[in-house]
Amino acid sequence: LSAIRTEAVTAEAMPAADPVNGRLVYDENVTARISSPLSGRVLVLRAGVGDQVKRGATLMEIDSPELAAAEAELAKAGSEEARQKLAYERAKNLHEHEVIARKDFEAAETEYRQAQADVRRASLRMRNLQASGHENGRFQLRSAISGLVVERNANPGQEVRPDLQAPLFLVTDVSQLWVQVDVPEKTLSHVKIGQTVSVETDAWPNQHFSAKVERIGIAVDPVTRRVQVRCAINNRDLKLKPEMFARVSFLADEEHKGIRVPNTSLVTEGLYVHVFVEKIPGTFEKRKVSLALRGNDHSFIESGLAEGEKVVVEGALLLNSEAATDVK
């Protein structure tokens, strides 16, 4: 009896098809890959891997001659605008008193409008550089979203530029993840948008995580003959990690339920499958059951077993051997 363990079984929604392999990835809707919009040299790092940051928080500071030139251009355009504004107002006053010709007034107005356009152009340049409010060529790279810094590809003194292949920072909300699944053609008919999905991982072998189907690919991969399906999974407890492999089961409707048992409970003899049910403590009944679906670790029984009954989950083969000896 010390080698035998029993558990009460429960009825659960059955998978609509055999489990398939999947992979956990970042939810791109809450992920930002942040690079520098200008060239420069890293002065100070304000965030590292594992830091929780708010939207707009400074990730690092960069010394950028490009930003200094843009600032100087904006200052020059502002000074020119102020000068042309005075000239325009003076010309307007003289024109109203018929001291200067209309063409001289129109020329002054044109030069003032052009100076205003130069200021707008320089201001837009600063805005495109995300550098509003910065001074002396010192650029602050800020986070576009609130989340966790999961990747940093910057070091003090490093030269950066906009065309770097890898982003300087990767910030994401790890409480939301995606499960990418390559579904075989034969299984595609069992998959639909909004369907509940059961996810298992090697890190948490006895725990099932619930997800929902969000997107179904529009084409079949000509090499693998599979369609990519994307599921959204809640990860508030942070147990799941990006790039984990997972086993994904697309569940049928709630009406289609079966008794879920570990495969260690099953005893196969010829064409029939049996389980041992504990009737009273220490007394076991060998019972033939009908399988609805057999998985890698667990299977679903459609008949022969009721919810709440205690089934031997460890030691079933030992019991079966003892029963065969008693019959002889």
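Check the entry above for the structure.
Quick caveat, the model's predicted, so the values are computed rather than measured.

1. As for the packing of helix α1 (residues 65-96) against helix α2 (residues 102-128)
Step number 1: Relative to each other, α1 and α2 sit at 160 degrees, their axes nearing to 8 Å. Of the possible angle classes, the one that applies to α1 and α2 is roughly antiparallel. Crossing handedness for the pair α1 and α2: left-handed.

2. Some remarks on the pattern of salt bridges
Step number 1: Counting across every chain of the model gives 23 salt bridges.
Step number 2: For Glu243, the salt bridge is made with Arg23, and the minimal N-O distance between the two is 2.8 Å. Taken together, the residues Glu243 in the loop between β15 (226-234) and β16 (245-250) and Arg23 in strand β3 (residues 20-26) connect sequence positions 220 residues apart.
Step number 3: Judged by its relative accessible area of 47%, Glu243 falls in the partly exposed class.
Step number 4: Note that Glu269 is salt-bridged to Lys286, the shortest N-O span being 2.8 Å. One end of the pair, Glu269, is in strand β18 (residues 267-269); the other, Lys286, is in strand β20 (residues 283-294), and 17 residues separate them in sequence.
Step number 5: The class for Glu269 is partly exposed, based on a relative accessible area of 32%.
Step number 6: Classification of Lys286 as partly exposed rests on a relative accessible area of 33%.
Step number 7: Within this structure, Lys279, Glu285, Arg287 and Glu309 form a network of salt bridges that share partners.

3. Description of the sheet that holds β16
Step number 1: Spatial ordering of the closed barrel is given by β3-β12-β15-β14-β13-β16, a layout of 6 strands whose pairing is antiparallel. Between one strand axis and the next, the sheet turns through 40 degrees on average, direction left out of account.
Step number 2: Across 4 bridges, the pairing between β3 and β16 is antiparallel. Counted as the bridge partner of Asn21 is Arg247 from β16.

Calculation notes
- Residues numbered from 1 in each chain as written.
- Predicted model: local features only at pLDDT ≥ 70, side-chain atom pairs only at ≥ 80, totals over all residues.
- Heavy atoms only, no water.
- Axes fitted to C-alpha atoms, helices over the stretch in contact; angles between N-to-C directions.
- Helix = DSSP H or I, 4+ residues; strand = E, 2+ residues; numbered from the N terminus.
- Parallel < 35°, antiparallel > 145°, perpendicular 65-115°, else oblique.
- Left-handed = near helix turned anticlockwise from the far one by under 90°.
- Salt bridge = Lys/Arg side-chain N within 4 Å of Asp/Glu carboxyl O.
- Buried < 20%, exposed > 50% of the residue type's maximum accessible area, 1.4 Å probe, protein only.
- Pairing = 2+ DSSP bridges.

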